[in-house]
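Architecture at a glance
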Amino acid sequence: MDQKIGIVIDEDFAVKNYPPYQHPIFLSYENPLRIKLILEYFEKVNLWEDKRIIRLEPKLIEEGLLKLAHSKYYIDTVKRLSKFGSGILGEEVFITNDTFSLAKKAVGGAIEAIEKVIKKEVTQSIALIRPPGHHALREKGSGLCIFNNIANAIFYLRKNVQYDKKIAIVDIDDHFGDGLVQYFYDDPDVLYFSIHEFDFIENDIGFINELGDGQGIGKSINFPVPAGITDNDFLVFLDILEPILKEYEPDLIIVAMGFDMYFDDPIGNCLLTSISYNKFAEKILTMAEEVCEGKLAFILEGGYSLIGLPFCVQAVLSSLLKKKYEQPLFEKINFSSESKMEEVQQIKSKLEKLLRNYWNTLK
Ligand SMILES: [Zn+2]
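Below, the structure is looked at part by part. All figures in this text were calculated on a predicted structure; none of them were measured in a lab. Every chain is numbered independently, its residues counted from 1 as its sequence is written. Only residues with pLDDT of at least 70 are given local features in this predicted model, and only at 80 or more are side-chain atom pairs given and counted; all residues enter the totals for whole chains, interfaces and linings. With hydrogens and water set aside, each side-chain value is computed from the structure's full complement of heavy atoms.

Overview of the layout of surface pockets
A cavity, in this analysis, means grid points on a 1 Å lattice covering only the protein atoms where a 1.4 Å probe fits yet has no way out; a pocket is instead an open set bounded by protein on both sides within 12 Å along at least five of seven lines, and a residue lines either one if it has an atom within 4 Å of a point. Grid points are joined across faces, edges and corners, and a volume is the space filled by probe spheres set on the points. Size it by volume and the largest pocket reaches roughly 400 Å³. Forming the boundary of the largest pocket are 23 residues, of which E92, H135, H175, F176 and D178 lie nearest the centre. Here the term charged refers only to Asp, Glu, Lys and Arg, the term nonpolar to Ala, Val, Leu, Ile, Met, Phe, Trp, Tyr, Cys and Pro, and the term polar to all other amino acids, Gly among them. A class-by-class count of the residues in the lining of the largest pocket yields eight nonpolar, seven polar and eight charged. Around the second largest pocket, the lining is made up of 16 residues, and of these T230, D231, N232, I333 and F335 lie nearest the centre. In terms of residue count, helix α6 (residues 231-234) provides more of the lining of the second largest pocket than any other element does, three residues in total. Here the residues of the lining of the second largest pocket are counted per class, giving four nonpolar, six polar and six charged. Every helix listed is a DSSP run of H or I at least four residues long, and every strand listed is a run of E at least two residues long, numbered separately from the N terminus.

Pasting the structure below:
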């Protein structure tokens with residue numbers, strides 16, 4: 001099949017669910033400008049004229065479908081507060097009058113991106129949706145997330161498309177996907193692999209020995225990294241991910257695509273440039289081509305640097321299109337941060353040791 005990259009995007013993501021905060025506080029960063037600037041960048045580089053790019057709309061979904069991943073009470077609460085027009089829904093989640101409809105649309109965006117890939121209507125896809133989803137829980141919103149876009153999409157595919165194959169989720173957001181992991185903690189048919197910033201002094205969740213449960217044991221894999229990692233340190237986790245993906249043989253790879261390890265991100269504390277995302281996408285595409293006929297869907301999670309976001313998306317896209325990515329000049333900074341390589345290698349060894357109990361390839 002000729003290369004066809006599906007991009008799910010919608011103007012609503014670029015205008016709706018504006019945070020009701022005028023000053024830069026944590027909650028204000030999840031705002032429509034994130035998508036608006038990506039859309040403007042796409043126009044500037046004439047992206048839509050590329051015949052290999054297919055613009056897709058989020059799938060229209062019934063509200064009842066959200067019950068596959070969320071409780072009725074929680075869904076009704078989001079709806080009720082949206083109708084009211086404001087409110088705070090759990091930890092770091094604001095509500096405006098269009099939150100419910102936009103969050104539902106984000107779920108539809110994730111579904112469309114993944115469904116088109118498994119039906120082979122596109123080779124790979126990218127869903128540029130918001131609000132993000134990987135912190136959202138069955139009964140609660142959390143960390144700027146309302147509905148769990150990826151969990152909802154997987155449950156939809158299982159129920160409505162009778163899709164029953166193995167899926168690997170690779171979560172590269174700066175934060176641990178504490179919502180997403182809980183849906184699949186004992187599920188052998190979903191492998192969850194997360195690289196995330198971790199507080200090694202205070203300890204944190206997303207620790208290396210949270211390995212899953214029951215039949216899913218060994219299939220929740222956390223690669224925590226210290227704040228301040230750079231492009232030199234980021235891809236070390238692939239040394240573990242790659243052999244595991246080959247042994248697991250998923251039918252599909254979903255990337256929870258957070259860009260908040262970017263150096264200019266106001267929330268994450270890492271120092272990556274778009275080059276890391278470009279190289280990661282290149283590697284994960286090669287792995288997908290080896291294990292699952294290239295079936296790969298990228299679903300946007302966090303990433304709040306308005307300067308960096310369009311370039312990070314372009315960096316991923318360039319890899320999917322197999323063309324050279326030109327790093328923007330402003331990213332060429334010599335970070336004075338000390339190398340984190342030793343720490344990262346230590347984590348890798350410890351994790352490898354734990355995983356040897358579950359994966360032959362690491363023995
Ligand atoms: Zn994040």
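Structure shown, so let's carry the discussion forward.
So, the coordination of the zinc ion
Ideal values for angles at a metal depend on the geometry: 109.5 degrees with four tetrahedral donors, 90 or 180 degrees with six octahedral donors. Looking at the zinc ion, the protein donor atoms are D173 (OD), H175 (ND1) and D260 (OD), and they sit 2.0 to 2.1 Å from it. Sequence spacing of the donors to the zinc ion: D-x1-H-x84-D. You can see H175 sitting in the loop between β6 (167-171) and α5 (178-183) and its partner D260 sitting in the loop between β9 (252-257) and α8 (274-291), a full 85 residues away along the chain. A donor here means an N, O or S atom no more than 2.8 Å from the metal, or no more than 3.2 Å when the metal is Na, K or Ca. Since water is not included, a site may seem to lack partners.

A look at helix α7 (residues 238-248)
For α7, the set of buried residues is L238, I240, L241, P243, I244, L245 and Y248. The contact rule is simple, with two residues in contact once any of their heavy atoms fall within 4.5 Å. As for α7, its buried residues are in contact with β6, β7 (190-197), β8 (220-225), β9, α8 and α10 (341-355). Where α7 ends, the next residue or the one after it, E249, has phi of about 50 degrees, a positive value. Only protein chains enter the accessibility calculation, which uses a 1.4 Å probe; a residue whose area is less than 20% of its type maximum is buried, one above 50% is exposed, and one in between is partly exposed.

Shape descriptors only; they carry no functional weight alone.
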